[in-house]
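For reference, the chains in residue letters:
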Amino acid sequence: MSIIRKKNRPISNAHHKANERYPNTNANLTSALLLLVFSPVLAIAQTINLTEQQQTNLAITLYNNDLALVQDSRILGPLRPDDKVIVHNVSQQLLTHSLQIHKSGKVLEQSFVSEALSYNTLLKQQLGQKIVLIKQASGNTPEKRLPARLISVDKTTALVHLNGYVETIPLHSNQWRFSFENTLQGAVKQPSLKFTSAGKPHTNNIQINYLSSGLHWKMDYSLTLDKRQKRLNLVAIASLINQTNTVFSNAKINLIEGTLSQDCLLYTSDAADDSLR
């Protein structure tokens, strides 16, 4: 009987030969793992839109002197410092000096965009830019499209640079019209409030308080005598006037008689916020 003896090769020698054939395998694997573990995850700043769907409470206090206090609560998730928040459906006649934003972290920057998309705002956006002038067809003359540069605009006339000359074009003309390119990108279709803050870790209701003109109320009274001419009925009818071009849905309305200073109204709004905390 023949006995076959197998020689067991030391594992260390096999490993050593593998390293000789592929000397950088372990080093490359280690570097890849370190790269995966220690590579920073870059956070991308977000633009967060708050519409009526995120609105949790809306209270409007109307005064007699064409002034109202708007207290608007909206639910907002965690914020990073670079996130931009856009609040839609605010009053177009918001008084910017009265704006207060609470419970959203330390506000670093805020702005109010009131001019919605219109003929005049399009013209202002295109100052210094290339536009197309279109001359209407007349009789046998076809429509003409002429490249030009918009220089300035006033209430009735536009100055354009056309074929080496500065020409005046009436804004409301039956013969000429303007054509614009790339105007819808970033255009404001309704008034909005924009802000950034130092950030906040949790989801909560933020509070937006501001004063607005264009909101007021008046009271009318009707006095009637019954058929027996023995009893008088007094009926009071409150009329609410909204001239802000903004629709406020499901708002709680408070009517206040008398005239108060704006500083007093802002102090009242702060006190109301403190009572809710």
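Quick notes on the rules
- Residues numbered from 1 in each chain as written.
- Predicted model: local features only at pLDDT ≥ 70, side-chain atom pairs only at ≥ 80, totals over all residues.
- Heavy atoms only, no water.
- Helix = DSSP H or I, 4+ residues; strand = E, 2+ residues; numbered from the N terminus.
- Areas by Shrake-Rupley, 256 points an atom, 1.4 Å probe, with all protein chains shown as cover.
- Pairing = 2+ DSSP bridges.
- Axes fitted to C-alpha atoms, helices over the stretch in contact; angles between N-to-C directions.
- Contact = heavy atoms within 4.5 Å.
- Phe/Tyr/Trp six-rings, centres within 6.5 Å; stacked < 30°, edge-to-face > 60°.
- Buried < 20%, exposed > 50% of the residue type's maximum accessible area, 1.4 Å probe, protein only.
- Salt bridge = Lys/Arg side-chain N within 4 Å of Asp/Glu carboxyl O.
- Core = buried A, V, L, I, M, F, W, Y, C linked by side-chain atoms within 4.5 Å.
- pLDDT = per-residue confidence, 0-100.

1. Notes on the overall build of the protein
Okay, so step 1: A count of helices and strands for the protein gives four helices and 16 strands.
Okay, so step 2: As presented, the protein carries roughly 19,300 Å² of accessible surface, and 52% of it is formed by carbon and sulfur atoms.

2. Focus: the sheet that holds strand β13 (residues 204-212)
Okay, so step 1: If you trace the five strands from one edge of the open sheet to the other, you get β5-β13-β3-β2-β16, paired in mixed fashion. Looking at the sheet topology across the chains shown, the edges are occupied by β5 (100-102) and β16 (252-255). This sheet shows a mean twist of 15 degrees between the axes of neighbouring strands, independent of strand direction.

3. A look at the environment of Ala-68
Okay, so step 1: By secondary structure assignment, the location of Ala-68 is in strand β3 (residues 68-76).
Okay, so step 2: Counting along the chain gives 26 residues from Ala-68 to Leu-94, while the straight-line C-alpha distance between them is 9.7 Å.
Okay, so step 3: Ala-68 has contacts with Ile-60, Thr-61, Leu-62, Tyr-63, Tyr-210, Leu-211, Ser-212 and Leu-215, leaving out every residue within four places of it along the chain.

4. Describing the packing of aromatic side chains
Okay, so step 1: The full count for this structure, using the stated rule, is one aromatic pair.
Okay, so step 2: When the centroid spacing of 6.4 Å and the interplanar angle of 10 degrees are considered together, the rings of Phe-178 and Phe-180 count as stacked. Both residues of the pair, Phe-178 and Phe-180, count as buried.

5. A look at the pattern of salt bridges
Okay, so step 1: Summed over the entire model, instances satisfying the criterion amount to three salt bridges.
Okay, so step 2: Residue Asp-72 pairs with Arg-74 through a salt bridge whose shortest N-O separation is 2.8 Å. One exposure class covers both Asp-72 and Arg-74, and it is buried.
Okay, so step 3: Across the pair Arg-80 and Asp-83 runs a salt bridge, and its minimum N-O distance is 3.9 Å.

6. Things to note about the nonpolar core
Okay, so step 1: Counting 24 residues, the largest nonpolar core has Ile-60, Leu-76, Val-87 and Tyr-210 as the members making the most contacts within it.
Okay, so step 2: Elements supplying a minimum of two residues to this core: β1 (47-50), β2 (55-62), β3, β4 (84-88), β12 (192-197), β13 and β14 (215-225).
Okay, so step 3: Non-local contacts of Val-87, meaning those with residues more than four positions away in its chain, are made with Leu-50, Arg-74, Ser-192, Leu-193, Phe-195 and Ile-208.
Okay, so step 4: Counting 14 residues, the second-largest nonpolar core is a separate cluster that includes Leu-123, Ala-158, Phe-178 and Phe-180.

7. Here's the deal with the sheet that holds β1
Okay, so step 1: In space, the four strands of this open sheet follow the order β1-β4-β12-β6, with mixed pairing throughout. Each edge of the open sheet is held by one strand with a lone partner, namely β1 and β6 (107-113). With strand direction ignored, the average angle separating the axes of adjacent strands in the sheet is 20 degrees.
Okay, so step 2: Where β1 lies against β4, four bridges are found, and the strand directions are parallel. Among the inter-strand pairings, Thr-47 is bridged to a residue of β4, identified as Lys-84.

8. Observations regarding the confidence of the model for the protein
Okay, so step 1: Across the protein, the average pLDDT comes to 80, with 74% of residues at or above 70.
Okay, so step 2: Low pLDDT, under 50, characterises residues 1-18; the stretch is placed with one contact to residues that sit more than four places away or in other chains.
Okay, so step 3: Below pLDDT 50 for its whole length, residues 32-39 participates in one contact with residues either more than four positions away or in separate chains.

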